[in-house]
Every structure is written in structure tokens, then in C-alpha cells.
Amino acid sequence: MNQWSSSSAADSIAAAPFASSPAVCREYQAPAEKSSLCITTGRIPWTEGLSPDTRATLPGYDSGVLCLLLGMFLLLAYNFRHYSTIAKTFWNDLWSTRRREGTFQVRTTSETGVLLSLVLAACLSEGIIVNSMLPATLPDAIPGGVFTITVTLTSVAVVYYLWQLAAYYSTGAVFTDKASARMWLKGFNASQGLLAALLIIPAMIVLFNPGAAMTVAIIAAILYLMARIIFICKGFRLFYDNFGSLIYFILYLCSLEIVPLVLLYRGGMILTGMVLHS
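Residues numbered from 1 in each chain as written. Predicted model: local features only at pLDDT ≥ 70, side-chain atom pairs only at ≥ 80, totals over all residues. Heavy atoms only, no water.

Peer 1: Looking at this structure, how should I read helix α3 (residues 83-95)?
Peer 2: One full turn of an α-helix is made of 3.6 residues, so residues set three or four places apart face in the same direction. Between its terminal C-alpha atoms α3 stretches 18 Å, which fits the 18 Å expected from 13 residues at 1.5 Å a residue. At Thr 89, α3 shows its strongest bend, of approximately 35 degrees. When α3 is considered as a whole, its buried residues turn out to be Tyr 83, Ile 86, Thr 89, Phe 90, Asp 93 and Leu 94. (Helix = DSSP H or I, 4+ residues; strand = E, 2+ residues; numbered from the N terminus. Expected span 1.5 Å × (residues − 1). Bend = angle between axes of the 7 residues up to and from the residue. Buried < 20%, exposed > 50% of the residue type's maximum accessible area, 1.4 Å probe, protein only.)

Peer 1: I keep staring at the nonpolar core and nothing clicks. Help me out?
Peer 2: Nonpolar side chains in soluble globular proteins tend to end up buried together. Ile 128 and Ile 129 are the most contacted members of the largest nonpolar core, which totals 28 residues. Sorting the residues of this core by element identifies α2 (63-78), α3, α4 (110-132), α5 (146-175), α6 (178-208) and α7 (213-239) as the ones contributing at least two each. Considering each element in turn, this core owes the most residues, seven residues, to α6. Among residues more than four places away in sequence, those in contact with Ile 128 are Leu 69, Thr 150, Ala 203, Met 204, Val 206 and Leu 207. Core analysis: the second largest hydrophobic core is formed by 16 residues, Val 119, Tyr 161, Met 183 and Tyr 252 among them. (Core = buried A, V, L, I, M, F, W, Y, C linked by side-chain atoms within 4.5 Å. Contact = heavy atoms within 4.5 Å.)

Peer 1: Teacher, can you tell me more about the packing of α2 against α4 here?
Peer 2: Helix-helix packing is characterised by the crossing angle of the two axes and by the distance between the axes. Across the interface, α2 lies against α4 with an axial gap of 9 Å and an inter-helix angle of 155 degrees. Judged by the inter-axis angle, α2 sits roughly antiparallel to α4. In this structure, α2 meets α4 at a crossing whose hand is left-handed. Between α2 and α4, the contacting residues are Leu 68, Leu 69, Met 72, Leu 75 and Leu 76 on the first element and Ser 117, Leu 118, Leu 120, Ala 121, Leu 124 and Ile 128 on the second. Partitioning the contact of α2 with α4 into residue classes produces 10 nonpolar, one polar and no charged. (Axes fitted to C-alpha atoms, helices over the stretch in contact; angles between N-to-C directions. Parallel < 35°, antiparallel > 145°, perpendicular 65-115°, else oblique. Left-handed = near helix turned anticlockwise from the far one by under 90°. Nonpolar A, V, L, I, M, F, W, Y, C, P; charged D, E, K, R; others polar.)

Peer 1: Even after reading the chapter, I still don't get α5, so can you show me in this structure?
Peer 2: For α5, with 30 residues, the first-to-last C-alpha span of 43 Å sits near the 44 Å given by 1.5 Å per residue. Along its buried surface, α5 packs onto α2, α4, α6, α7 and α8 (245-276).

Peer 1: What exactly am I supposed to notice about the packing of aromatic side chains here?
Peer 2: Where two aromatic rings form a pair, the distance of their centres and the angle of their planes describe that pair. Applying the stated criterion across every chain yields a total of 12 aromatic pairs. Taking the centre distance of 5.0 Å and the plane angle of 55 degrees together, the rings of Tyr 168 and Trp 184 count as tilted. Residue Tyr 168 is located in helix α5, and its partner Trp 184 is located in helix α6; the two are separated by 16 residues in the primary sequence. Given a relative accessible area of 1%, Tyr 168 falls into the buried group. A residue is classified by how much of its surface remains accessible, and Trp 184, at 2% relative accessible area, is buried. Both rings, one in Phe 236 and one in Phe 249, keep their centres 5.1 Å apart while their planes meet at 75 degrees; by these two values the pair is edge-to-face. Of the two residues, Phe 236 sits in helix α7 while Phe 249 sits in helix α8, which places them 13 residues apart along the sequence. Using a relative accessible area of 16% as the deciding quantity, one classes Phe 249 as buried. (Phe/Tyr/Trp six-rings, centres within 6.5 Å; stacked < 30°, edge-to-face > 60°.)

What follows is the structure, given as C-alpha cells:
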């Protein structure tokens, strides 16, 4: 009896420190305080993900724009058989300042159709490239979207071409003889044909790859300046007589080459801002 009692007492004394020690638990096992508990009712945003954005329509997938392209290529194909004839006089119109033309340089009625197709191709290419640089939200603010914008920009390019043609004709009639004025106008039309050939491929690229708009716009601007410089150089060779004629040439550059482009740019920016804020 005494042995049992003594052994029991020894065991209880030995286990006492462990029984009295506080229980050890992990942080995740600890009960949360009442103040930290909350119940969310209704719509839970993070369980629904992000709201989808409307995918931007590629300009090349617009049926109206594709119809414009198809019409342009049909017009080019219709006049294709006359391009070999025009090619014989193309570089002469672009560079030459000879006062007399040979019999092989006599113009035919086919030149009008070829010139019309090239000018329309240049204007449409310019409209497509300028459209790629406009804000992405602009098509949503205009009825007809990309097609309406492309037609408008192409029409502006056509009107600008006609205005230039009239301005060069009037300037040539006032300040020079008929032969020089005629060569000057032929040089302008040849530069537009060259511009059409250079801009068609960049326009096709940006039409189906809007992400390349900035690169294509820079390339198109360089090509446009190159065609204009070729035309300006021919005008300089035609009209330069002495040092005093440089004053008139500078006035021509400011009034017919620089100021109209600046006014077009400013007008386009103002009109775009008005449409977006209306």
C-alpha cells in the first residue's frame, strides 16, 4: 500500500510540470477575434474576373473598305495594258526639262485613264495610312465607322490634288511660258504616279496590321517627301534664272507646298477633337 502510494505520488509529481505548461498551437489554429470576422453579401467582384473589352475591328475586315480596294485594283487592272506606253514617258515627265518633245513622246488618250487610276490609288493609300494614325475611339463616334473615315480622308486627298493642280496651272500661266507650265504639270502628275506606286504596299500592310501604324506612317511620310522633293527639284530647274528668282521660289514653297499641309493638319486635328468631344 505504501509502495503504491509512493510510486503514484512520484509519477504525479514528475508529470506535474508538463500538465501545468501552456499548450502550444500554430498561428492558423488560433481562433479569430470577433472584430475581424465579416460576412460579404451580394456581388463579389474578385470572383467574377475582369470585364471583357470589345475587340477592335480591323480596317481590312470592313466590307466597305474592301470594296474601295477592289474598285481601285479593278481600275488599275483595266488600264494595265497602257502602262507600257506611259512608262516610256514617265521618267522624262519626272526629270526632263527639255523644251521640245520627240515624236515618240506624243501623248495619247490612254494617258488620262492611267493618270486617273494612279491618282485615285495614291489618294486611297493616303486615306488608309492617315486613318491608321487616328484615335482608336474615333470610328465608334462616327456612323459608318472605318468606311466613313476612309472615304472622307480619300475625298480630302482628291480635293487637295485638284486644288494643287489648279494652283500650279495658275502659277505657271502667270509666271512662265506655256511650255514650261505644261512640263511642270506633267512633272506633278508623274510624281503622283510615283507616290501611288510607293504607297500601295504600306497601305496594305497597315490595313491588316494596325499595330504597325507608327512605322508605316513614318515610312509613308518619307516617301511622300521624296516624291515632293523630286517635283520641287524639277520646278527649280525650270524656273531658276538668276539669284533674284530665289525669292519667288521661296514664296512658292511657302504658299503652295508648306502652308497648305500645315492648314490640313491643323484642320484635321481640330475636327477630330470636335468629333471626340461631341
